[in-house]
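Here is what each chain is made of, one letter per residue.
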Amino acid sequence: MVIGNSDVILSVKDLTANVDETPILKGINLEIKAGEIHAIMGPNGSGKSTLSKVLAGHPAYEVTGGEVSYLGQNLLDMEPEDRARSGVFLAFQYPLEIPGVSNLDFLRVAYNSKRKHEGLEELDAFDFDDLVQEKLGIVKMDAAFLNRSVNEGFSGGEKKRNEILQMAILEPKLGILDETDSGLDIDALRIVANGVNQLAHSNNAMLVITHYQRLLEYIIPDYVHVMANGRIIRTGGKELALELEERGYDWLLEAEAVV
Amino acid sequence: MSIPSTSVSVTSSAAQTRAAYLSHLLALAQRSETTLPWLRELRDHAAVRVQEQTFPSTRDEEWRFTDLSDLLAVELAEVGGAEVQAAKLAELAKFYLPEADQSRLVFVNGIYAPQLSSLHHLPEGLTIGNLVNLPEAAQQHLQTYLAKQTGAEEVFTALNTSGLSDAAVVQVRKNLVVETPIHLLFVSTSSPALIQPRALVIAEPNSALTIIEDHVTLNEGVYFTNSVTEIWLGDNAQANHTRVQRDNLAAFHIGKTAVSQARTSRYTCTVVNLGAKLARHHLGIHQTGEQTETTLNGLTVLHGEQVGDTHSTIALTKPYGTTRQIQKNIVDDRAHAVFNGKVFVPKEAQLTDAGQLNRNLLLSSKARVDTKPQLEIVADNVKCTHGATVGQLETDEVFYLQSRGIDADSARKLLVHAFAYEVIESIPLASLRQHIQL
Ligand SMILES: Nc1ncnc2c1ncn2[C@@H]1O[C@H](COP(=O)(O)OP(=O)(O)O)[C@@H](O)[C@H]1O
Ligand SMILES: [Mg+2]
């Protein structure tokens with residue numbers, strides 16, 4: 001929801017970034033305030049995942065210009081783990097499998113590093129177990145997944161749900177969801193969207209990257225941005241998503257070319 | 001100006017150094033005493049085998065990547081006895097395993113230490129103790145097994161036998177399942193010393209046991225452990241064997257595990273190599289009967305300038321045998337891991353199934369690994385797979401963990417741990433798994 005004078009959570013100005021010397025982001029401008037849900041849509045290869053990884057601090061992406069301010073801090077100066085502890089969360093388009101690390105241990109270590117950062121006492125295994133049990137309901141996940149290695153042998157949909165479970169436990173200020181809906185059947189999509197809706201509130205913000213308008217029927221965005229060739233070329237309300245669904249991207253790309 | 005010397009004279013003088021060193025080792029080995037005539041005969045026979053051979057150099061195919069030159073510079077002495085200083089007893093007790101608190105044999109510098117051992121409430125039908133204190137009838141029986149494994153003539157195995165004055169003995173009677181794990185704890189306290197632990201394990205038909213063989217140290221000086229363990233599995237017997245090597249970083253460790261498996265027997269071995277400046281372990285498996293199963297899990301973790309060499313030889317000689325082998329190496333700094341895994345499948349060994357996998361994780365650009373699977377398959381109706389991978393920690397994996405608030409260092413540790421997990425998990429004792437924190 002758009003709230004009159006709420007705090008700015010993320011402010012991106014003229015952000016440019018390279019991968020292997022190739023410019024991918026070519027001047028991104030974006031402002032996200034508390035309580036808002038933003039969607040980014042755009043053709044494959046337009047740089048959506050790159051933007052999400054730059055915001056999360058992936059070392060393979062070199063920021064070549066611009067500024068990113070997160071809750072008033074220079075986000076680009078922070079290590080990835082410090083961004084996470086301060087409330088930035090990226091749900092990966094392709095979550096990694098980590099054989100040998102149990103999902104439960106992973107969640108606990110992650111949760112406790114955030115607690116420590118906030119000056120709070122770490123939760124022991126028992127108390128953490130209670131917390132996890134409660135959060136499992138948000139994504140309707142079976143407790144059996146907790147004792148398996150992180151994402152190992154999970155189906156595509158299970159991996160995505162596991163990402164949202166992590167988000168539910170870490171309670172981010174800024175949740176970035178990179179194509180969390182891709183590859184989900186309609187039931188799983190509803191569960192995931194429902195989970196996200198439960199986690200979004202007036203003090204945090206969500207940036208939802210998606211390919212399909214379908215997700216936005218369940219997670220209603222306040223703003224829809226269209227990204228192409230490393231830039232945001234159009235911003236509108238949720239009706240823009242519908243228009244894109246009907247007309248595709250070409251008309252926008254052509255309009256862009258004329259300008 | 002340097003004086004040119006011919007390569008021939010250089011070679012021969014290096015060869016002379018090695019020959020002199022082998023004689024030095026043999027003389028040291030033979031200083032240990034024995035009063036048993038049959039044992040004296042066995043030792044003399046082995047001494048001749050040693051004399052017939054040369055001390056290995058990197059020109060020997062089997063030692064190509066493992067250079068023993070540094071050992072040649074070490075002047076070794078006799079072991080100082082089996083004493084453990086009172087001040088060190090608490091440190092030693094840390095190696096005790098609660099699950100095996102009443103089934104522990106301790107050897108200090110290769111010498112039996114009854115005051116540190118603990119044998120209580122063990123089932124009748126389990127013979128456990130040191131060779132020379134066993135009743136004569138038992139000794140008689142053991143003669144048919146001791147130093148009778150394939151490969152007994154290899155130079156370091158024969159060197160161990162040439163100085164054999166005692167051994168850890170575990171024998172499980174037919175049909176007996178020993179539930180309590182048995183802990184063979186070999187401790188070094190003496191330096192500079194040649195330490196030659198020896199163990200003999202016999203599982204009679206239909207019996208089962210769990211053995212933990214642990215090589216530890218209370219000593220920071222240089223020593224050379226040359227250890228031999230022989231394991232005999234009768235028909236349908238089952239053994240779960242864990243071998244841990246955590247010698248100090250000045251030490252040299254050469255270990256041999258020789259296993260003979262009769263029909264339908266099952267042998268599982270988990271080897272964890274952590275210590276020593278240079279360590280070599282040779283695991284020799286001989287399947288002598290049909291439908292035998294062998295499972296080998298290996299983990300070597302190396303730092304600094306350590307060298308860790310794992311050689312394995314698996315001979316499947318009869319139909320329906322299976323082997324599963326995984327060897328994982330984690331190599332940091334300038335350390336060097338070596339893996340050579342031989343599998344022989346002769347014509348008689350039809351319908352066998354042999355799988356071997358070697359995975360290496362290199363944590364530094366100077367770390368090195370040499371891996372060589374060596375499958376010699378003559379039988380035509382068999383399933384054999386092997387593979388070797390060498391990798392580094394993936395940036396994406398580290399980043400995934402960082403993006404959840406875990407710092408880069410902890411993320412790397414977690415991933416290294418995860419890599420080792422598969423092997424550590426196969427250690428049957430929780431307390432020992434906990435000890436092996438990387
Ligand atoms: N790690 C990388 N290495 C090389 N090229 C990359 C990498 N990440 C992204 N790219 C390239 O950057 C462009 C944008 O990719 P991406 O951000 O994944 O787009 P989107 O998520 O919008 O489909 C593509 O051309 C892609 O090939
Ligand atoms: Mg993408």
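Here, the structure is the one placed above.
Below is a short write-up of the structure. What you see is a predicted model, and the numbers here were worked out from it, not measured in a lab. (Residues numbered from 1 in each chain as written. Chains lettered and ligands numbered in written order. Predicted model: local features only at pLDDT ≥ 70, side-chain atom pairs only at ≥ 80, totals over all residues. Heavy atoms only, no water.)

## Brief notes about the overall build of chain B
If you tally the helices and strands in chain B, you get nine helices and 21 strands. Computed over C-alpha atoms, the radius of gyration of chain B comes to 22 Å, within 12% of the 22 Å expected from 2.2 N^0.38 for 438 residues, which places it in the range of a compact globule. Dimensions of chain B, computed from the C-alpha atoms along their principal axes, are close to 65 × 65 × 55 Å. Each of the 438 residues in chain B was classed as buried or not, and the buried ones make up 56%. Accessible surface for chain B amounts to roughly 18,100 Å². Of this, 51% is attributable to carbon and sulfur atoms. (Helix = DSSP H or I, 4+ residues; strand = E, 2+ residues; numbered from the N terminus. Rg over C-alpha atoms; globule rule 2.2 N^0.38 Å. Buried < 20%, exposed > 50% of the residue type's maximum accessible area, 1.4 Å probe, protein only. Areas by Shrake-Rupley, 256 points an atom, 1.4 Å probe, with all protein chains shown as cover.)

## Some details on helix H7 (residues 239-247) of chain A
All names here are of chain A. Among the residues making up H7, those that are buried are Leu240, Ala241 and Leu244. For H7, the angular spread of buried residues about the axis comes to 105 degrees, placing them on one side. Away from its buried face, by an angle of more than 90 degrees, H7 presents the exposed residues Glu239, Glu245 and Glu246. (Arc of directions from axis to C-beta.)

## Side note on the site of ligand 1
Residues and elements named next belong to chain A. Around ligand 1 sit Val19, Ile24, Pro43, Asn44, Gly45, Ser46, Gly47, Lys48, Ser49, Thr50 and Tyr61, and those are all the residues in its vicinity. Within the backbone of glycine 45, a nitrogen or oxygen atom sits 2.7 Å from an oxygen atom of ligand 1. One of the side-chain nitrogen or oxygen atoms of tyrosine 61 is found 3.1 Å away from a nitrogen atom of ligand 1. Considering ligand 1 on its own, with 550 Å² of exposed area, one finds that the protein chains cover 60% of that surface. Residue contributions to the shell around ligand 1 peak at three residues, all from helix H1 (residues 48-56). Residues of the shell around ligand 1, tallied by class, amount to four nonpolar, six polar and one charged. (Near = heavy atom within 4 Å. Polar contact = N/O pair within 3.5 Å; in protein donor to acceptor, adjacent residues only side chain to side chain. Nonpolar A, V, L, I, M, F, W, Y, C, P; charged D, E, K, R; others polar.)

## What about the interface of chain A and chain B?
With 30 residues of chain A in contact, the opposing surface of chain B contributes 17 residues. At the boundary of chain A with chain B, total buried surface from both sides reaches about 1,900 Å², with 69% on carbon and sulfur atoms. Taken together, the links from chain A to chain B amount to two salt bridges. Its salt-bridge partner being glutamate 163 of chain A, residue arginine 404 of chain B comes within 2.8 Å of it at the nearest N-O pair. At the junction of chain A and chain B, the tally comes to 11 residue pairs in polar contact (both at pLDDT 80 or more). Taken together, the elements giving at least two residues each to the side of chain A that touches chain B come down to H1, helix H2 (80-85), strand E6 (88-91), strand E7 (98-102), helix H3 (103-117) and helix H5 (156-170) of chain A. (Contact = heavy atoms within 4.5 Å. Buried area = accessible area lost by both parts, 1.4 Å probe. Salt bridge = Lys/Arg side-chain N within 4 Å of Asp/Glu carboxyl O.)

## A short note on the side chain of threonine 317 of chain B
Residue and element names in this part refer to chain B. Along the chain, threonine 317 turns up in the loop between strand E16 (307-316) and strand E17 (322-331). Within the structure, the side chain of threonine 317 is placed 2.5 Å from the backbone oxygen of glutamine 287, a separation counted as a polar contact. With residues near it in sequence (within four places) discarded, threonine 317 still touches His286, Gln287, Thr288, Pro346, Glu348 and Ala349.

## Topic: the sheet that holds strand E5 (residues 73-74) of chain A
Adjacent strands of a sheet form backbone hydrogen bonds with each other and so pair up, either parallel or antiparallel. Pairing is antiparallel in the open sheet, where four strands are placed in the order E2-E1-E4-E5 (chain A). The outermost strands of the open sheet, each flanked by one partner alone, are strand E2 (22-33) and E5 of chain A. (Pairing = 2+ DSSP bridges.)

## Section: the nonpolar core
Residue and element names in this part refer to chain A. Ranked by internal contacts, the top residues of the largest apolar core, which has 43 residues, are Leu10 and Leu55. If one sorts the elements of this core by residue count, strand E1 (residues 8-19) sits on top with five residues. Residues within four places of leucine 10 in sequence aside, it is in contact with Leu30, Glu31, Ile32, Leu55, Val68, Ser69, Tyr70, Leu75 and Leu174. (Core = buried A, V, L, I, M, F, W, Y, C linked by side-chain atoms within 4.5 Å.)

## Concerning unusual backbone geometry
Residue and element names in this part refer to chain B. Geometrically, the link from serine 191 to proline 192 is a cis peptide bond, its omega value of -5 degrees lying close to zero. One can find proline 192 in the loop between strand E6 (182-188) and strand E7 (193-195). Here asparagine 206, not a glycine, exhibits a phi torsion of approximately 65 degrees, which is positive. The topology assignment puts asparagine 206 in the loop between strand E8 (198-203) and strand E9 (208-217). Judged by relative accessible area, which is 35%, asparagine 206 ranks as partly exposed. We note that glutamine 291 has phi near 55 degrees; this positive angle belongs to a residue other than glycine. Mapped onto the fold, glutamine 291 is located in the loop between strand E14 (278-287) and strand E15 (293-302).

## Thoughts on the environment of arginine 214 of chain A
All names here are of chain A. The topology assignment puts arginine 214 in the loop between strand E10 (205-209) and strand E11 (223-228). Here the alpha-carbon distance between arginine 214 and glutamate 245, two residues 31 residues apart in the chain, equals 8.9 Å. When residues no more than four places from it in sequence are discounted, the contact partners of arginine 214 are Asp181, Leu184, Ile186 and Leu189.

## Topic: the pattern of salt bridges
Evaluation of the coordinates by the stated rule reveals 26 salt bridges over all chains. Of the charged contacts, one joins glutamate 213 of chain B and arginine 243 of chain B as a salt bridge, the two residues approaching to 3.4 Å between their closest N and O atoms. Of this pair, glutamate 213 of chain B sits in strand E9 while arginine 243 of chain B is found in strand E11 (residues 238-245), placing the two residues 30 residues apart along the sequence. In this pair, the class of glutamate 213 of chain B matches that of arginine 243 of chain B, namely buried. We note a salt bridge from glutamate 422 of chain B to lysine 328 of chain B, for which the minimum N-O separation is 2.8 Å. Taken as a pair, glutamate 422 of chain B in helix H8 (residues 408-424) and lysine 328 of chain B in strand E17 lie far apart in primary sequence, 94 residues in all. A residue is classified by how much of its surface remains accessible, and glutamate 422 of chain B, at 40% relative accessible area, is partly exposed. On the accessibility criterion, lysine 328 of chain B (3% relative accessible area) is buried. Beyond isolated ion pairs, a larger network of salt bridges with shared partners links Asp82 and Arg85 of chain A together with Asp407 of chain B.

## Comments concerning the packing of aromatic side chains
By the definition in use, this model includes 12 aromatic pairs over all chains. With a centroid separation of 4.9 Å and an interplanar angle of 85 degrees, the aromatic rings of phenylalanine 92 of chain A and tyrosine 400 of chain B are classed as edge-to-face. Pair noted here: phenylalanine 92 of chain A is in the loop between E6 and E7 and tyrosine 400 of chain B is in helix H7 (residues 395-402), and the two residues belong to different chains. Centroid distance phenylalanine 55 of chain B to phenylalanine 156 of chain B: 5.8 Å. Interplanar angle 80 degrees. Geometry classified as edge-to-face. Linking phenylalanine 55 of chain B in the loop between helix H2 (37-52) and helix H3 (69-72) with phenylalanine 156 of chain B in helix H6 (residues 155-162), this pair joins segments that are 101 residues apart in sequence. For the pair formed by phenylalanine 55 of chain B and phenylalanine 156 of chain B, the shared burial category is buried. Taken together, the aromatic side chains of Tyr21, Phe55, Trp63, Phe156 and Phe224 of chain B make up a single cluster linked through ring pairs. Here the guanidinium or amino end of arginine 280 of chain B rests over the ring plane of tryptophan 63 of chain B, the centre of that ring lying 3.7 Å away. (Phe/Tyr/Trp six-rings, centres within 6.5 Å; stacked < 30°, edge-to-face > 60°. Lys NZ or Arg CZ within 6 Å of the ring centre and 35° of its normal.)

Geometry only, nothing functional implied.
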